[in-house]
Amino acid sequence: ALNSAMLNNSDFFSGAFAPEYGNAYSGVFDMKLRNGNNEKREYSASIGVIGMEATLEGPFSKNYKGSYLINYRYSSLDLLDQAGIVDYYGVPKYQDLSFKFHLPTKKAGTLQILGCGGLRSIYQEAFAEENEDSLTRTSDFGADVGFAAVKHIYPINDNTFITSFVSASGTRNNNNYKKRHNTGDWYLAYYDEFLNTTLRASTNINSKINAQHRIKEGITYSDLGYDMFANEDLLGSGTFNNDLNTNGRAGLIQAYANWK
């Protein structure tokens, strides 16, 4: 859901990494969103086989160094499918929106509001082996993702600054699987929905002692939630069997100190 039009210099750690990243085991991809142009307004648009996109960025006013950056993308394959130009079973359809508002102040530090969200689906059809014109099964799969955060950076002096943020994120996957009776009637054979959400708050202080020593310490609280269910009626009896039905929340506090 993020593309190169939004990204700044980002870090990828495949081995040892700082404790601020928490419960990461095998690797970390620390993606950073760039600031928009704070001097003049800019537009860009592009279209390709996979998707089309538009980016808007610029300053809020001539006398303010704040900026905004907004990017939107839509699936080209969806449009080609609707126009009848492409015709195959299972066209991925998606759209996503990313944004970042950079809001510096004179005395209260810098405030940033950023986020992204994406909707994605794919509808697939299956036909009988003995008759390629006989539609027997369909599957409608969706996958959505969303993230939003407010970040505050406050410099105490030239060598020390505090970074704090609150964020909310979530993913949602769902699937509807339908089959056809020998009589020709359709029935819902299986459906599910998996939802995961995270609320997070964090603050840290970063201090440069000298050219050789830097200390960073902070604390993060995460509230993790899930809600999942799956029902099936593969024979079309009209009665669903519940395969999964569970939900819950848990809190996690992480404190760390890093001396480099």
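Residues numbered from 1 in each chain as written. Predicted model: local features only at pLDDT ≥ 70, side-chain atom pairs only at ≥ 80, totals over all residues. Heavy atoms only, no water.

A.B. asks: Any chance you could explain the overall build of the chain here in plain terms?
C.D. replies: Helix and strand counts for the chain stand at one helix and 12 strands. For the chain, the C-alpha radius of gyration of 24 Å lies well beyond 18 Å, the compact-globule estimate for 260 residues. Each of the three principal axes of the chain carries a C-alpha extent, and together these read 80 × 45 × 30 Å. A buried classification covers 27% of the 260 residues belonging to the chain. Sequence-distant contacts in the chain: of pairs separated by 6 or more residues, those separated by 24 or more amount to 54%. Charged side chains in the chain number 24 positive and 28 negative. The centres of these two groups are separated by 16 Å. (Helix = DSSP H or I, 4+ residues; strand = E, 2+ residues; numbered from the N terminus. Rg over C-alpha atoms; globule rule 2.2 N^0.38 Å. Buried < 20%, exposed > 50% of the residue type's maximum accessible area, 1.4 Å probe, protein only. Contact = heavy atoms within 4.5 Å. Lys, Arg positive; Asp, Glu negative; His and termini not counted. Charge placed at Lys NZ, Arg CZ, Asp CG, Glu CD.)

A.B. asks: What's the story with the packing of aromatic side chains in this structure? I'm lost.
C.D. replies: Tallied over the entire structure, the rule returns seven aromatic pairs. Between Y191 and F240 the ring centres are 5.4 Å apart and the planes differ by 80°, which places this aromatic pair in the edge-to-face class. Of this pair, Y191 sits in strand β10 (residues 186–208) while F240 sits in the loop between β11 (214–232) and β12 (241–259), and the two are 49 residues apart along the sequence. Through a chain of ring-to-ring contacts, three or more aromatic side chains come together here, namely F60, Y68, F99 and F101. (Phe/Tyr/Trp six-rings, centres within 6.5 Å; stacked < 30°, edge-to-face > 60°.)

A.B. asks: Can you help me understand the nonpolar core in this one?
C.D. replies: Among the nonpolar cores identified, the biggest contains five residues, and these are M6, L33, L69, L114 and A149. Among residues more than four places away in sequence, those in contact with L33 are L2, M6, L7, N8, F99, K100 and L114. (Core = buried A, V, L, I, M, F, W, Y, C linked by side-chain atoms within 4.5 Å.)

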